[in-house]
Amino acid sequence: MDVTDGGKIRVFLLDDHEVVRRGLKDMLQDEPDFQVVGEGATAAEALARVPALRPQVAVLDVRLADGDGVNVCRELRSNLPELNCLMLTSFADEEALFDAIMAGASGYLLKQTLGADLVAAVRTVAGGESLLDPRLAAKVMTKLRAADEKKDPLAQLTTQEHKVLDLIGEGLT
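Only a predicted model underlies this, so the values are computations on that prediction, with no experimental measurement involved.

Basis of the calculations
Residues numbered from 1 in each chain as written. Predicted model: local features only at pLDDT ≥ 70, side-chain atom pairs only at ≥ 80, totals over all residues. Heavy atoms only, no water. Core = buried A, V, L, I, M, F, W, Y, C linked by side-chain atoms within 4.5 Å. Buried < 20%, exposed > 50% of the residue type's maximum accessible area, 1.4 Å probe, protein only. Helix = DSSP H or I, 4+ residues; strand = E, 2+ residues; numbered from the N terminus. Contact = heavy atoms within 4.5 Å. Salt bridge = Lys/Arg side-chain N within 4 Å of Asp/Glu carboxyl O. Pairing = 2+ DSSP bridges. Arc of directions from axis to C-beta. Polar contact = N/O pair within 3.5 Å; in protein donor to acceptor, adjacent residues only side chain to side chain. Phe/Tyr/Trp six-rings, centres within 6.5 Å; stacked < 30°, edge-to-face > 60°. Lys NZ or Arg CZ within 6 Å of the ring centre and 35° of its normal.

Sorry if this is basic, but what is going on with the nonpolar core here?
Inside soluble globular proteins, nonpolar side chains tend to come together where they are buried. Membership of the largest hydrophobic core comes to 27 residues, with the highest contact counts inside it found for Leu14, Leu60, Val72, Cys73, Leu83, Met87 and Tyr108. Put simply, the parts of the chain that give this core at least two residues each are strand 2 (8-14), helix 2 (43-53), strand 4 (57-61), helix 3 (69-79), strand 7 (84-89), helix 4 (94-103), strand 8 (107-110) and helix 6 (134-151). By residue number, the principal contributor to this core is helix 4, which donates 5 residues. In this structure Leu14 touches Gly40, Ala41, Thr42, Ala43, Ala46, Val59, Leu60, Asp61, Leu64 and Val72, once residues within four positions along its chain are discounted. Membership of the second largest hydrophobic core comes to 18 residues, among which are Val36, Leu86, Leu88 and Val119.

Below you can see the structure in the form of structure tokens.
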């Protein structure tokens with residue numbers, strides 16, 4: 001896939017709010033290394049336009065009027081595995097975050113992020129790296145640790161409980 005046009009990172013924008021799309025487009029087009037090649041307001045528009053436009057990065061709103069950006073990401077990535085998807089949302093929803101990661105998203109940001117950080121995030125995912133909004137990183141780590149503890153019920157025991165269990169294992173009461 002030709003991912004650049006004259007050295008520029010090709011970007012597609014999906015958000016059901018026109019004012020958000022315009023703001024993102026203006027912000028990215030102000031950068032010399034970006035070209036917004038298309039935009040859409042619905043999942044259907046994104047699924048129809050992205051394959052023909054061949055962007056390097058798709059910035060996808062998580063919640064849409066006709067579906068969600070996570071499913072758009074999943075479907076686009078199944079047909080265009082080289083596409084990097086950056087999820088953008090107003091909601092710090094853990095379930096959507098994990099669904100997006102499993103759908104193949106390269107990044108996940110809250111819309112409350114600063115413009116310069118969003119621009120940097122698009123560059124990061126365009127370069128093939130992953131990115132997670134710092135405000136969500138702690139939630140991810142907590143959930144991963146909890147999942148790991150669920151795998152091994154003994155990991156939840158305190159040091160004293162381990163000693164008691166060892167003594168029971170030796171036949172003591």
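From this point, the discussion proceeds with the structure in view.
Hey, could you run me through the pattern of salt bridges in this one?
Note on pairing: side chains with opposite charge can pair once their charged atoms come close. Under the criterion given, the structure shown has 8 salt bridges. The salt bridge involving Glu39 is made with Arg21; its shortest N-O contact spans 3.1 Å. You can see Glu39 sitting in strand 3 (residues 34-40) and its partner Arg21 sitting in helix 1 (residues 18-29), a full 18 residues away along the chain. Among the salt bridges present, the one from Asp61 reaches Lys111, with a minimum N-O distance of 3.5 Å. Taken together, the positions of Asp61 in strand 4 and Lys111 in the loop between strand 8 and helix 5 (115-126) put the pair 50 residues apart, joining distant regions of the chain. Its relative accessible area of 4% is what places Asp61 among the buried residues. Using a relative accessible area of 26% as the deciding quantity, one classes Lys111 as partly exposed. What you see here is one network of salt bridges that share partners, running through Asp15, Asp61 and Lys111.

Got a minute to help me understand the pairing of strand 4 in this structure?
Here is the key point about a regular strand: its side chains alternate between the two faces of the sheet. Most of strand 4 sits out of view: 5 of its 5 residues are buried. Direction of pairing for strand 4 relative to strand 7: parallel, over a ladder of 5 bridges. Residue Ala58 lies in a different strand from strand 7, and its bridge partner there is Cys85.

Before we go on, may I ask you to explain helix 3 in this structure?
One turn of the α-helix equals 3.6 residues, which is why residues spaced by three or four share an orientation. Of the residues making up helix 3, those classed as buried are Gly69, Val70, Val72, Cys73 and Leu76. Taken down its axis, helix 3 places every buried residue within 155° of arc, on the same side. Exposed residues on helix 3 whose side chains face more than 90 degrees from its buried face are Ser78 and Asn79. Near the N-terminus of helix 3, the side chain that reaches the backbone nitrogen of Val70, with its oxygen 3.0 Å away, is that of Asp68.

Can you walk me through the packing of aromatic side chains in this structure?
To describe a pair of aromatic rings, one takes the distance between the centres and the angle between the planes. Summed over the entire model, instances satisfying the criterion amount to 0 aromatic pairs. Positioned above the aromatic ring of Phe91, the side-chain terminus of Arg63 is 3.9 Å from the ring centre.

All quantities given are derived from atomic positions and should not be read as evidence of function.
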